Amino acid sequence: MKSVIFGRYSNYNTPIHRIDPRVKIIGMIVFMVAIFLPLTKVGSTSQYEINMSTATNFIILGIIFLIQLILMLIGRISFISIFKSMKTMWFFLFLIFLLNILIPTNPTAEQTAFNLGTLAISYSAIFSTAYVFVRLVLVVMITSVVTSTTKPMELTFGIEWLLYPLKFVKIPVHEIGMIISLALRYIPTLMEESERIMKSQASRGVDFKNGKFKEKFKSITSLIVPLFMSSFIKASDLADTMEARGYDPKAKRTRYRMLSWRWVDTLWLIVIAIFLGLIIAQCVIGTNYMLLLMNII
Amino acid sequence: MQKKKNEVKTTNDHPDYSKYAVVFDNVSFFYNENTPTLKNISFKIEKGQYVALIGHNGSGKSTLARLIIGILIQLSGDIYINNELMTDDTAIELRKKIGIVFQNPDNQFIGSTVRDDIAFSLENMCVKSELMEDLIKEYAAKVNMLDFLDSEPSNLSGGQKQRVAIAGTLIRNPDILILDEATAMLDPKGKREIFNLIHKMKDENPNLTVISITHEIDEAYRADKIIVLNDGEIFMEGTPSEVFSHPDELSKISLDIPFFSKLSMELKGISKDVSNVKSMEDLIKVLCQ
Amino acid sequence: MSITLKKVSYYYNQKTPSQRQVLKDIDLNIQKGEFIALIGETGSGKSTLVQQLNGLLIPSFGKLTFEDDQTKTVIYDIQREPSYDKKLNPVFYKDKKIKNIKELRKRVGMVFQFPEYQLFETNVLTDVSYGPKNFGLKKEEAEEKAKQALELVGLDSSYFKRSPFELSGGEKRKVAIAGIIAMNPDYLVLDEPTAGLDPVGEKNMMELFKKISDTGTTIILVTHNMDIVMEYCNKVCVVEDGRISSISTPLELFQNDSFVKLSSIDAPYFIKVARELINHNLPIDIKKVKSIKTLADEIRRVIK
């Protein structure tokens, strides 16, 4: 219950920790774009180019992996936490693999990796599964880098700041920020609460682990209903407190936590911009250019 | 629930209440028409007074607190805060001068650390960011929480969380501080801490009006004035010695009297005069003379 | 009939950097019919201790024996640290050495602080009969037990079909307590059952527990209220920093001089006043002070 999907904030003071959260969020988005972009030149049809692009894809993903690895090392992020985060995803990976196999492609003999009974497993099925897997690992890695080096509060502030332009299309950006930070604040409290309710119900003979479906359903209800009731009470108390302390969502407020932009942040932003430029160039100009570039280097 | 009042009143229409922090004039409120929560409540609280509000759960104490702070609006009667009439429109403005600390320590901790929770009030007041740090430290020191500025609520005791809530409230510099059973969920140590703190605050700032809703009879005895609520009506009102000199009346609504009053009653007929003692210290002094 | 903890130690966050020992070699024997109070500062380990009694928490090591009139059942006997299950929630605990955990839970009923939060059914009667049903009773039998329990806590048949969520705070708490009593436990553990109640509610609640105690149920009460300890309990057990520092009758404890040093715990008023008078050189015999009346008698005797 206590392992949340992505890494929890760890209190170190590394260069990665010190980067402005806005830069980190932008960087994360750029990395994700890079991870998910189909790096084939748009409109390429020849078999050669497709083969080449598959290879380049893996090379580029390898480069991204290396960069992220370095970031993780600098940010002192434990690799164990990455594996833990992956735990919930094995099932999906298996599902994707299954889908890839079952989609009938009728591979020719040379495209077949091996035969599973009557089922011919093609290289492409294995490749595309591996491709999904690698990309998932990369996404988990980069998200962990950001979440475990940035305080949730700073992250909220960063998101709110980046969403600021949406204010002009009447999206209540500030309220969204407040909602996120209150939600983050109350996660541990609700965890404690649910543990307490589970213990109370266990005293009434509830077995949360075993039992038939119907019993299990009942035992979940015995947890969820009280949890909802107590959350409603908490919410209404909290609303009273906020109102009493002068909170008015429509009024102007000042900020206690200010994000301070340092020249290092500008530097990081430039690096990210160059990285993004390369990715776009690769996408537009195509595989050969990238290989050329690599040869030169 | 929040009906607008038909008659339009201006602040000049009423008697001069400038002496009083809170005035209730014939106020009624109900959530459900058949069971009124508060019936025709009238009382006056002078500026700088320390008032204890006692009565059972369900006697309407918490509703009364919410009326004072304008989170609820009365259905009939008038409420004056600092000589100004409380209405739907004036509530937000009048509320700026009132602070309230509620019962549940967990449900009123807004920030993710002590620092941020105190800052929440300052942010709402539009205090300049550069000035916040010093103010936060000053008020954290006042409630003895300076060493815990970066602590998260899950690592604090109930008493500590309530102290943070008091800091977050006092930093708004209110004229009136309401404690809505602020110690009910604390252990004896936490209760002592909070009451000692409140008395310290009161000593430092004699103009602060404190309204304490409590079940702690001994604490109520330290107040300047006691208002006893029963079933939504004022049952008794007066100084502590006046109120507690009617133990039979109080026992009708199953309210207790302070221990020293009980003891001095047990000691009737003793050679020393214990009928007029005002506190346990007094009683001990008289007995030891 | 009795329940015995032998050398029970409990580590919080076992085998992680934040590991902390909460209970240290606890030896405790609770006999049938006792009304025993557990007192101590917040964080002293009282709540952790009572959760060992019905297996909600399993100690890192120690032994729990449940003795019947004829039989003696060892529920668990953990000699050293067991291979640790990361999930702290003992409901998931699957150590073969632990026997009859469900039977233990049935025998030892546990009422948590603010138990009103455990209600979830659509009406009072089904909610109260939920526990007995979980322990294998048929619906009719369970409802019969529920009716008896509700009657015991003072809620008549007009409450049976009402939703638990529309009741007052005190009534909700009674329903929750009835939900445990309906399981017919031999032992009833109460973790600060009067927290948040007003003095009248507190008094009513304690009278209810006295009534339950009179039916032969053993009561184990965690509380901060020393007046309650004095008035209702026949034994009091002080928990200090994870250890049991004394077991005695309430009067013995409060009259004991060394107790004064435990500043975190308030003695009942009449004891505090008696001590105060002794400090002011009034020759009061503390051994004779047992209530406000006896205190007044002592004062009368020494002043004249």
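A quick note: this is a predicted structure, and the numbers were derived from the prediction, not measured. (Residues numbered from 1 in each chain as written. Chains lettered and ligands numbered in written order. Predicted model: local features only at pLDDT ≥ 70, side-chain atom pairs only at ≥ 80, totals over all residues. Heavy atoms only, no water.)

## Quick look at the domain arrangement of chain A
All names here are of chain A.
- Domain boundaries assigned for chain A yield domain 1 (1-161 + 261-297) and domain 2 (173-248).
- Every contact between the two is made by five residues of domain 1 and, on the other side, ten residues of domain 2.
- Carbon and sulfur atoms supply 74% of the area that domain 1 and domain 2 bury against each other, a total of about 660 Å² over both sides.
- On inspection of domain 1 and its partner domain 2, the count reaches zero salt bridges.
- Scanning the region where domain 1 abuts domain 2 turns up zero residue pairs in polar contact (both at pLDDT 80 or more).
- Here the residues of the side of domain 1 that touches domain 2 sort into two nonpolar, one polar and two charged. (Domains from an automatic or database assignment. Contact = heavy atoms within 4.5 Å. Buried area = accessible area lost by both parts, 1.4 Å probe. Salt bridge = Lys/Arg side-chain N within 4 Å of Asp/Glu carboxyl O. Polar contact = N/O pair within 3.5 Å; in protein donor to acceptor, adjacent residues only side chain to side chain. Nonpolar A, V, L, I, M, F, W, Y, C, P; charged D, E, K, R; others polar.)

## Focus: the interface of chain C and chain A
- The partner chain A presents 26 residues to the 29 residues of chain C that form the contact.
- Surface buried jointly by chain C and chain A totals about 2,400 Å² across both partners, of which 60% is contributed by carbon and sulfur atoms.
- Ranking the residues of chain C by area buried against chain A places Tyr117(C), Phe120(C) and Tyr130(C) at the top, with a combined share of 26%.
- Counting every contact that joins chain C to chain A gives two salt bridges.
- Between Glu121(C) and Lys218(A) there is a salt bridge, with its nearest N and O atoms 2.9 Å apart.
- Linking chain C with chain A are seven residue pairs in polar contact (both at pLDDT 80 or more), by the criterion used here.
- Counting only elements with at least two residues in the side of chain C that touches chain A, the list comes to α2 (101-107), α3 (124-134) and α5 (169-181) of chain C.
- Among the elements that take part in the side of chain C that touches chain A, α3(C) stands out by supplying four residues, more than any other.
- Residues of the side of chain C that touches chain A, tallied by class, amount to 16 nonpolar, eight polar and five charged. (Helix = DSSP H or I, 4+ residues; strand = E, 2+ residues; numbered from the N terminus.)

## A word on the packing of α5(C) against helix α6 (residues 199-214) of chain C
Residue and element names in this part refer to chain C.
- Two numbers describe how α5 lies on α6: the axes approach to 12 Å, and their chain directions differ by 15 degrees. When the axis of α5 is compared with that of α6, the two are roughly parallel. Here the hand of the crossing between α5 and α6 comes out right-handed. For the pair α5 and α6, the contacting residues are Arg173, Lys174, Ile177 and Ile181 in the first and Met205, Phe209 and Ile212 in the second.
- Its residues assigned to classes, the contact of α5 with α6 shows five nonpolar, no polar and two charged. (Axes fitted to C-alpha atoms, helices over the stretch in contact; angles between N-to-C directions. Parallel < 35°, antiparallel > 145°, perpendicular 65-115°, else oblique. Left-handed = near helix turned anticlockwise from the far one by under 90°.)

## What about helix α8 (residues 173-203) of chain A?
Residues and elements named next belong to chain A.
- With 31 residues, α8 should cover 45 Å at 1.5 Å per step; its first-to-last C-alpha distance of 44 Å lies within 8% of that length.
- At Ile187, α8 is bent by approximately 35 degrees, the largest bend along its length, and proline Pro188 sits one to four residues beyond.
- Among the residues trailing α8, Gly205 stands out with phi positive, at a value near 85 degrees. (Expected span 1.5 Å × (residues − 1). Bend = angle between axes of the 7 residues up to and from the residue.)

## Some points on the interface of chain A and chain B
- Taken residue by residue, the interface counts 26 residues in chain A and 37 residues in chain B.
- Looking only at chain A, the three residues that lose the most surface to chain B are Arg185(A), Arg245(A) and Tyr256(A), adding up to 33% of its buried area.
- In this assembly, chain A and chain B are joined by five salt bridges.
- Notably, a salt bridge pairs Arg257(A) with Asp116(B), separated by 2.7 Å at the nearest N-O pair.
- Across the chain A-chain B interface, the total number found is 22 residue pairs in polar contact (both at pLDDT 80 or more).
- Listed by contribution, the elements that provide at least two residues to the side of chain A that touches chain B are α8 and α9 (213-244) of chain A.

## So, the sheet that holds strand β2 (residues 38-46) of chain B
Residues and elements named next belong to chain B.
- Judged by pairing direction, the sheet is antiparallel, and its four strands sit side by side in the order β2-β1-β4-β5 without closing on themselves. One side of each edge strand has no neighbouring strand; the edge strands of this open sheet are β2 and β5 (84-85).
- Summarising the sheet, strand β4 (residues 76-81) and β5 pair through two bridges and their orientation is antiparallel. In the strand pairing of β5, Tyr80 is matched with Leu85.
- Contacting β1 (20-29), β2 and β4, helix α1 (residues 61-68) runs over the sheet at an angle of about 120 degrees to β1. (Pairing = 2+ DSSP bridges.)

## A closer look at the packing of α8(A) against α9(A)
All names here are of chain A.
- Running from N to C, α8 and α9 point in directions that differ by 140 degrees, and their axes come no closer than 10 Å. Classified by the interaxial angle, the pair formed by α8 and α9 is oblique. Viewed along their axes, α8 and α9 form a crossing whose handedness is right-handed. From α8, Met178, Leu182, Tyr186, Thr189, Leu190, Glu193, Ser194, Ile197, Met198 and Gln201 reach across to α9, where they touch Ser222, Leu223, Pro226, Leu227, Ser230, Ser231, Lys234, Leu238 and Met242.

## Quick look at the environment of Pro15(A)
Residue and element names in this part refer to chain A.
- With respect to the helices, strands and loops of the structure, Pro15 is situated in helix α1 (residues 15-18).
- Residue Pro15 is classed as partly exposed on the basis of its relative accessible area, which comes to 40%.
- Separated by 56 residues in the primary sequence, Pro15 and Leu71 place their C-alpha atoms 9.6 Å from one another. (Buried < 20%, exposed > 50% of the residue type's maximum accessible area, 1.4 Å probe, protein only.)

## What to know about the nonpolar core
- Membership of the largest hydrophobic core comes to 121 residues, with the highest contact counts inside it found for Leu263(B) and Ile299(C).
- With six residues, the top contributor of residues to this core is α5(C).
- Apart from the residues lying within four places of it in its own chain, the contact partners of Leu263(B) are Met280(B), Leu283(B), Val273(C), Ile292(C), Leu295(C), Ala296(C) and Ile299(C).
- One finds Ile79(B), Met86(B), Ile211(B) and Ile227(B) within the second-largest nonpolar core, a separate group that totals 34 residues. (Core = buried A, V, L, I, M, F, W, Y, C linked by side-chain atoms within 4.5 Å.)

## Details of the confidence of the model for chain C
Residues and elements named next belong to chain C.
- Per-residue pLDDT for chain C averages 86, and the proportion of residues at 70 or more is 90%.
- The secondary-structure element of chain C with the lowest mean pLDDT is helix α9 (residues 257-260), recorded at 72, while strand β8 (residues 218-222) shows the highest, at 96.
- Within the model, the stretch residues 87-96 combines pLDDT values under 50 with 22 contacts to residues more than four positions away or in other chains.
- Confidence metrics for the complex model read pTM 0.84 and ipTM 0.87. (pLDDT = per-residue confidence, 0-100.)

## Section: the side chain of Arg185(A)
- With respect to the helices and strands, the residue Arg185(A) is situated in helix α8.
- Buried charge without a partner: Arg185(A) forms no salt bridge, and the closest opposite charge is Asp106(B), 4.2 Å away.
- The contacts of Arg185(A), once residues within four sequence positions are left out, are Asp106(B), Phe109(B), Ile110(B), Gly111(B), Ser112(B) and Pro153(B). (Lys, Arg positive; Asp, Glu negative; His and termini not counted.)

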